[in-house]
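Here are the chains, one letter per residue:
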Amino acid sequence: MKKYISKFHYLTQDLHTRSHLKQATIACEAGANWIQYRCLTKPDDELVEEINEIAALCDDWGTTLILTNHYHLLDKVDAQGVHIEDFDADFKAIRKIIGNDKTLGASATNITRLLAVQNTGVVDYCGYGPFALTNTKANDFPLLGFEGYRELEKHPEITIPVIAVGGIHIEDVDPLIKTGIYGIAVSAAVNLAVDTARALRDFYKKIY
């Protein structure tokens, strides 16, 4: 099993000239094994068209494609799962809709929410953060920092795979891995780099 994953997010203002497909192409060619598509501004018909383009690319490269929130589109596109950002989502109901063969991810910002996600018994992994300041998406939750992730060691009852998210840079990788997390999600550190392909490869060198 591949332990560490990298994520692909919705375009920031700085990336308005680089399409989702272009970003996905760069990521796949650089060796990304996991891409999360995040776009909350387009109607379903446009989403389906774009997702199918990216899905075909990911299929060629053997890359897992996860959608953000749009689980109702999973029967229309070739994606392997969905990540739900809504803390109050009915995960058991979503699991029934998408079936057991699709990956279901969730988000949490503190230990209480993380345990609540785990206790649903239907979520495969949890994105936990934010680690640091990030402009990838609006975020007004307290920053966890390294101390926040070290708190996980005090809760052996947490067994769900935890993915560190939010403002992670290459120099943060080694200390984060030592906290016992399952994986690392990156967006701006790769997508805003001068050489995005090299930035992604640098992350993979650190974690493999």
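Analysis parameters
Residues numbered from 1 in each chain as written. Predicted model: local features only at pLDDT ≥ 70, side-chain atom pairs only at ≥ 80, totals over all residues. Heavy atoms only, no water. Pairing = 2+ DSSP bridges. Helix = DSSP H or I, 4+ residues; strand = E, 2+ residues; numbered from the N terminus. Contact = heavy atoms within 4.5 Å. Axes fitted to C-alpha atoms, helices over the stretch in contact; angles between N-to-C directions. Patch = residues over 30% accessible without salt bridge, like charges linked within 9 Å, V, L, I, M, F, W, Y side chains within 5 Å. Areas by Shrake-Rupley, 256 points an atom, 1.4 Å probe, with all protein chains shown as cover. Salt bridge = Lys/Arg side-chain N within 4 Å of Asp/Glu carboxyl O. Lys, Arg positive; Asp, Glu negative; His and termini not counted. Charge placed at Lys NZ, Arg CZ, Asp CG, Glu CD. Buried < 20%, exposed > 50% of the residue type's maximum accessible area, 1.4 Å probe, protein only. Right-handed = clockwise from strand over helix to strand, strands pointing away.

**Q** What is the right way to look at the sheet that holds strand S5 (residues 125–128) in this model?
**A** Strands in a sheet are paired, the pairing made by backbone hydrogen bonds, and the direction either parallel or antiparallel. The strand order across the open sheet built from 7 strands is S1-S2-S3-S4-S5-S6-S7, with neighbouring strands paired in parallel fashion. For this open sheet the edge positions go to strand S1 (34–37) and strand S7 (183–184), each flanked by a neighbour on one side alone. The pairing of strand S4 (residues 103–108) with S5 spans 4 bridges and is parallel. Of the residues in S5, the one forming a bridge with Ala106 is Cys126. Against the sheet, helix H3 (residues 91–98) touches strand S3 (81–84) and S4, its axis set at about 160° to S4.

**Q** So what exactly am I meant to see when it comes to a negative patch on the surface here?
**A** A cluster of like negative charges, contributed by Asp44, Asp45, Glu46, Glu49 and Glu53, occupies part of the molecular surface. Of note, Glu49 is situated in helix H2 (residues 44–61). For Glu49, a relative accessible area of 55% puts it in the exposed group.

**Q** Please explain the pairing of strand S2 (residues 64–68) as it appears in this structure.
**A** In the case of a regular strand, side chains alternate between the two sheet surfaces. Counting buried residues along S2, 4 of its 5 residues qualify, which places the element largely inside the surrounding structure. Across 4 bridges, the pairing between S1 and S2 is parallel. Within S2, the position partnered with Trp34 by the bridge is Thr64. Since S1 and S2 lie parallel, the crossover through H2 that links them has a hand, and here it is right-handed. Pairing of S2 with S3, which is carried by 3 bridges, proceeds in the parallel orientation. Opposite Thr68, over in S3, you have His83 as the bridge partner.

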